[in-house]
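Chain by chain, the residues run as shown.
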Amino acid sequence: MPIYFQTRWLRVIVPTFVVLLVLAIGIAYLRTPQATLEKPPQDAPYRLSSSSIDVRIEDLLARMTLDEKIGQMALVEKNSVHDVDDIASYGIGAMLSGMGAKPEPNTPSGWLNMVGSFQRSALSSRLGIPLLYGADAIHGHSNVFGATMFPHMIGLGATRDADLVERVARATAEEMEATGIYWTYSPNLDLPRDIRWGRTYEAFTDDPTLAGELGAAYVRGTQGSGSSMNVIATAKHYLGIGAMQWGSSSNKNFKIDQGRTPSSTAALQEEYLPPYRAVVDAGVGSVMIGLNSWDGTWASYDKNLITGSLKGDLGFSGFVISDWYAVYEHSFTQYEGLVKSINAGVDMVMLPFDYKGFLMNMRLAVKTGDIPQARIDDAVRRILRAKFQAGLFERPLASESELSVIGSSEHHAIAREAVSKSLVLLKNDQDLLPLSPKMNHLRIAGSAADNVGRQSGAWTVEWRGIDGNWLEGGTSILQGIKNAVSSSTTVEYDREAKFVSAKRANVGIAIVGEKPYAEGWGDDANPSLAKEDLETIDRLRASCDRVIVVLVSGRPLMIADKINDWDALVEAWLPGSEGEGVADVLFGKQPFVGKLPLPWPASVKQLPISVDGKTKDGTKVLFPRGFGIHTEKR
Ligand code: BGC
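Conventions and cut-offs
- Residues numbered from 1 in each chain as written.
- Predicted model: local features only at pLDDT ≥ 70, side-chain atom pairs only at ≥ 80, totals over all residues.
- Heavy atoms only, no water.
- Near = heavy atom within 4 Å.
- Polar contact = N/O pair within 3.5 Å; in protein donor to acceptor, adjacent residues only side chain to side chain.
- Areas by Shrake-Rupley, 256 points an atom, 1.4 Å probe, with all protein chains shown as cover.
- Nonpolar A, V, L, I, M, F, W, Y, C, P; charged D, E, K, R; others polar.
- Helix = DSSP H or I, 4+ residues; strand = E, 2+ residues; numbered from the N terminus.
- Expected span 1.5 Å × (residues − 1).
- Buried < 20%, exposed > 50% of the residue type's maximum accessible area, 1.4 Å probe, protein only.
- Contact = heavy atoms within 4.5 Å.
- Core = buried A, V, L, I, M, F, W, Y, C linked by side-chain atoms within 4.5 Å.
- Domains from an automatic or database assignment.
- Buried area = accessible area lost by both parts, 1.4 Å probe.
- Salt bridge = Lys/Arg side-chain N within 4 Å of Asp/Glu carboxyl O.

**Student:** Describe in detail the site of the ligand, supporting the description with residues and values.
**Tutor:** Taken together, 14 residues lie near the ligand, and D136, R199, K236, H237 and D323 sit nearest. At 2.6 Å from an oxygen atom of the ligand is found a side-chain nitrogen or oxygen belonging to D323. In this structure, E519 approaches the ligand through a side-chain N or O atom, which is 3.0 Å from an oxygen atom. Alone, the ligand offers 310 Å² of accessible surface; in the complex the protein occludes 99% of this. The residue makeup of the shell around the ligand, split by class, is seven nonpolar, two polar and five charged.

This is the structure we're talking about:
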């Protein structure tokens, strides 16, 4: 042994130092931002809109370094970017506003400026590849204060009107484009079989055929026709979401969200894949993989589902993204999670917290051969194709002059129409509804009567929504009713139905329902009306000849033992900003045409309910899917 290794501490220190040095050099090498190579000329084929998309993709790909390719696969949450120049230095390809992340101030110009500053950084990079910015515009461009808030998807499912859904999607896309956002995480094709799930309202229906029809209409409205795309739509969450088992959640705070979907080949072919086939045929640009597991395998790691069924069998040629932290959640190391998901077919990774680690791990994985270069090239080709199809190179930045489309009267009119068509009349004794706008005396009560925040639900400015009257440009249901009745009608309102006058009213309308909730935070073992709401209804009944209950909720509530006490019952879902759309139908300006988009259980013992309406305990549901009493206009 050499003399200098003879002392004990030297025997430890020297090798440790050497190892640390090698590691530090390796890490420094792996973390280096993209190399400073020459900028391609202005007339490089990929920059010219006159070149075909295939030529543009291949020209650009041939110029890209490995780092630049990996950067395109990163989908970075905006709050994790502390230095805007990182977008150029690390060649980041995509960003998002997750969980309602927004600019300060949250105004249309605030959004335009925020996205613009990120975009300008991307454009200053060597290749100048524009950034793709995504948002959860799931019921309108709903993170934006002042945007039109359409009904949540479950309400659109009740309309069963593909043309209307297409118009809602187009209006939403127009509001997004005005802020420079060309990518939405919608439509949702989940199939809620168990309404205890807190995301039930994000889906159109539990019926695969209807989900496919409305999903395809939504894609057409968002993207436009032909091979170019106005705004890129994202079908989510692939696959089997909505059919997870109660109690199987992998998140200790939740019960069913992020849980386990039991797999079966028949269900895959007959229930879960058909809606995706419909949107793939409609040309959907991207697909988001869910946070569930498919019989034990996490969806983001499931090569059979992603590369086999989606890209292979359905022929999906767009790009696949993972959901929030999904690739890391269930792996021992982030490296392992990335290798599994990219090799399974994920093309772009949603990175809520740290993009530098992603770039480093990916580089290592390609250098070691754990992720083949061909997989990277395939992913980047798919992403670039979408960017070219969306015209990002030609219109990376939006302009202030387009902002007036946000919350325009045309869009509010579409939202109002959607609300009126989404209402489902479940009970109507002695044809109580529609009411006459000329009636004498009406009493209104309930926690959701004068509450635009509650009627808009979650994913409205804040991820988990805000209860109360705070939204700009919206009309509460109470206000809608006041606007609908004649000047001679007396309308009394008290949230708790504590009316002072002893004089009975002809009719009382109780507008009650769920407080806003998002994702697994809304998992609920027994979705029902709050004690406060039930007491309000009872008080209202005591002071009115007849009582109508209007439910504002993201799902069917357990009301089987209450419904006999009510003269009429209307499910209004989460209608969004247009309370007037509800009043239009209550007073006969528009007919009731909505039909239940999913079965209404009599009790939670019946859950889950199968696609053909069979309950778990074999008893009859309160109302089957498709039920809804129709009325004529007045
Ligand atoms: C949700 C997705 C959403 C994403 C980005 C996730 O928590 O599951 O539906 O698109 O966040 O906000």
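**Student:** Explain helix α13 (residues 356-368) to me, and be specific about the residues and the numbers.
**Tutor:** Note on helix geometry: an α-helix contains 3.6 residues per turn, so any two residues three or four positions apart are oriented the same way. Compared with an ideal rise of 1.5 Å per residue, which puts 13 residues at 18 Å, α13 spans 18 Å between its outermost C-alpha atoms and is within 8% of the ideal. When α13 is considered as a whole, its buried residues turn out to be G357, F358, L359, M360, N361, M362, R363, A365 and V366. Positive backbone phi, at 85°, marks G369, one or two positions downstream of α13.

**Student:** How would you summarise the environment of A299 if you had to cite specific residues and measurements?
**Tutor:** Considering the arrangement of structural elements, one finds A299 in the loop between β9 (297-298) and α10 (303-313). What makes A299 buried here is its relative accessible area of 2%. Considering only alpha carbons, one finds A299 and L60, 239 residues apart in sequence, at a separation of 31 Å. Apart from residues no more than four positions distant in its own chain, A299 is found in contact with Y238, I289, G290, N292, S293 and I306.

**Student:** Describe the nonpolar core, and please don't skip the residues or the numbers.
**Tutor:** Core analysis: the biggest nonpolar cluster contains 108 residues, and W183 and F358 have the highest contact counts within it. Residue assignment places this core across two domains, with domain 1 (65-404) and domain 2 (413-606) each supplying three or more. V424, L425, L432 and L598 belong to the second largest nonpolar core, which has 70 residues in total.

**Student:** So what's going on with the domain arrangement of the protein chain? Which residues, and what values?
**Tutor:** Each assigned domain of the protein chain is listed here: domain 1 (65-404) and domain 2 (413-606). Placing a centre on the C-alpha atoms of domain 1 and another on those of domain 2 gives a separation of 33 Å. If you look at the interface, domain 1 gives 47 residues, while domain 2 gives 46 residues. Of the roughly 3700 Å² buried at the junction of domain 1 and domain 2 (both faces included), carbon and sulfur atoms supply 63%. Its largest share of buried area at the contact with domain 2, domain 1 owes to F145, I195 and Y201, together 17% of the area lost on that side. Summed over the shared surface of domain 1 and domain 2, the number is four salt bridges. As a salt-bridge pair, K102 and E462 come within 3.0 Å of each other at their nearest N and O atoms.

**Student:** Outline the pattern of salt bridges, listing residues and values.
**Tutor:** With the rule as written, the count across this model stands at 44 salt bridges. A salt bridge links R167 to E417; the nearest nitrogen and oxygen atoms lie 2.8 Å apart. You can see R167 sitting in helix α7 (residues 162-178) and its partner E417 sitting in helix α15 (residues 409-422), a full 250 residues away along the chain. Residue R395 pairs with E177 through a salt bridge whose shortest N-O separation is 2.7 Å. Residue R395 is found in the loop between α14 (373-389) and α15, and its partner E177 is found in helix α7; the two are separated by 218 residues along the sequence. The exposure class assigned to R395 is partly exposed, which follows from its relative accessible area of 23%. Residue E177 is classed as partly exposed on the basis of its relative accessible area, which comes to 22%. Several salt bridges share partner residues, and in doing so they unite D161, D163, R167, E417 and K421 into one network.

**Student:** Got a sec to walk through helix α19 (residues 579-586)? Specific residues and values, please.
**Tutor:** Across the eight residues of α19, eight count as buried, placing the element largely inside the fold. Within the sequence span of α19, burial applies to G579, E580, G581, V582, A583, D584, V585 and L586. Where α19 is buried, its residues contact α15, α16 (452-456), α17 (477-484), β15 (505-513), β16 (544-552) and β17 (568-571). Just downstream of α19, G588 is the residue with a positive phi angle, here 80°.

**Student:** Residues and numbers for unusual backbone geometry, please.
**Tutor:** Cis geometry marks the peptide bond from E104 to P105; its omega dihedral reads 0°. Mapped onto the elements, P105 comes out in the loop between β2 (94-97) and α5 (108-123). For the bond running from L607 to P608, omega is 0°, close enough to zero to count as cis. For P608, the position within the fold is in the segment after α19.

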